[in-house]
Each structure stands twice: as structure tokens, then as C-alpha cells.
Amino acid sequence: MAIPPFLAELRSLVGTRPLWLSAVTAVVLDEQGRVLLNRRSDNGRWALIGGILDPGEEPADAMVRECREETGVTVLPEALTSVTVSELQQYPNGDQAQYLDLTFRCRPLSGEARVNDDESFEVGWFELAALPELDEYARRRIDVALAFDGRTVFALSG
């Protein structure tokens, strides 16, 4: 799985040490209420569509780019549903990262869902009652996006 050039350059300087990165995640819901997922090629697990922002990139633009790159589907981000911090991630190559994650509720505009790059083994639409196994973090972001009432969810630990 390729990483963005800016991140490869940064990794050449810091090695595998933890990085704090900005990321976007899409909860894409079609007219039938199905959610778009991909089965990741790095760990084989089903996940929401998302990725790292490029330096200076607007988060909504990154969301559109990531969905198109990974699934072939062009989306319209409709709402920022949550702002969260991921657990510290350790990748098979030893790289570590933690993400400030901006989750958007999106609707598809065009395109057919398909594997569109090397980041996925599979891509598909899933009924909410028949989702494949997802981690708790993904399930929580889906639930928040479905319950969205116009207010972005965030944690306050003070």
C-alpha cells in the first residue's frame, strides 16, 4: 500500500516513531440506506473509506478524493458528524500513527463501487442490518453519522 509522498519523506526522517496525522473518514449512505465499505489490503479487515489529508488540503476535498481513489464512487460530503482521536496504530512495517479523524456523512453522486486502487481487496455496499465484522471505532462512527442531528460530536475530557 503506497503512502503519500509527504509522509514517505517524513518517515525517512523520523523512522517508525509515532506520528500525529489528520485523517478523514466517510460514512457513505446510498438511497437504500446501505453503507459503503472496503476490505483493506493491509490487514484484511472491513473498514469505512478514508485516508490521510495532504498538506494544505481541505478535509471535504480529501474525503471526495479518498472515496474516488479507493472505490470509484464520487461522493458529496453533507455533514461533519464527528471529530475524534484514534487509538495509536501500529502497522505491519512498524510505522506508528495516531489520527485526528474528521468523519463525514456523505452521499454518492456517481460511479460504481469497485476496487479502484491497491488499498482494498474488496469494496461493496452493505445493509446496516448485515454489516461485516467492523471494529468498535468504525461502528461508533457509523452510529453517530446515522443519528446526526446537525451537531458535530466530539469528546471533552476536562
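In this convention, every chain numbers its residues from 1, walking through the sequence in written order. Note on the predicted model: pLDDT of at least 70 is required for a residue's local features to be given, and 80 or more for side-chain atom pairs to be given and counted; whole-chain, interface and lining totals, by contrast, use all residues. Note that water and hydrogens are dropped before the side-chain values are worked out from all heavy atoms of the structure.

1. With respect to the overall build of the chain
No. 1: Counting from the N terminus, the helices are the DSSP runs of H or I reaching at least four residues and the strands are the DSSP runs of E reaching at least two. Of the regular secondary structure elements, the chain holds three helices and eight strands.
No. 2: Across the chain, helices and strands are ordered from the amino to the carboxyl terminus as α-β-β-β-α-β-β-β-β-α-β.
No. 3: For a compact globule of 158 residues, the expected C-alpha radius of gyration is about 15 Å, and the chain comes in at 15 Å, within 12% of that figure.
No. 4: Exposure categories follow from relative accessible area, calculated using a 1.4 Å probe and restricted to protein chains: below 20% of the type maximum is buried, above 50% is exposed, and the middle band is partly exposed. Counting the 158 residues in the chain, one finds 42% classified as buried.
No. 5: When the accessible area of the chain is evaluated, it comes to approximately 8,700 Å², of which 51% is carbon and sulfur surface.
No. 6: Neither His nor the chain ends contribute to the count of charged residues, in which Lys and Arg are positive and Asp and Glu negative. All charge positions are set by atom: Lys at NZ, Arg at CZ, Asp at CG, Glu at CD. Averaging the coordinates of the 15 positive side-chain charges in the chain and doing the same for the 26 negative ones gives two points 3 Å apart. Radius of gyration: over C-alpha atoms. The globule rule applied is 2.2 Å multiplied by the number of residues raised to the 0.38 power. Using the Shrake-Rupley algorithm and a 1.4 Å probe, accessible areas are obtained, with residue cover drawn only from the displayed protein chains.

2. So, the state of the cysteines
No. 1: The criterion for a disulfide is a pair of cysteine sulfur atoms lying within 2.5 Å. For the structure shown, the criterion picks out zero disulfides.
No. 2: Counting only cysteine sulfurs, Cys106 is the nearest neighbor of Cys67, a cysteine outside any disulfide, at a range of 5.5 Å.
No. 3: Cys106 gets classed as buried once you look at its relative accessible area, which sits at 1%.

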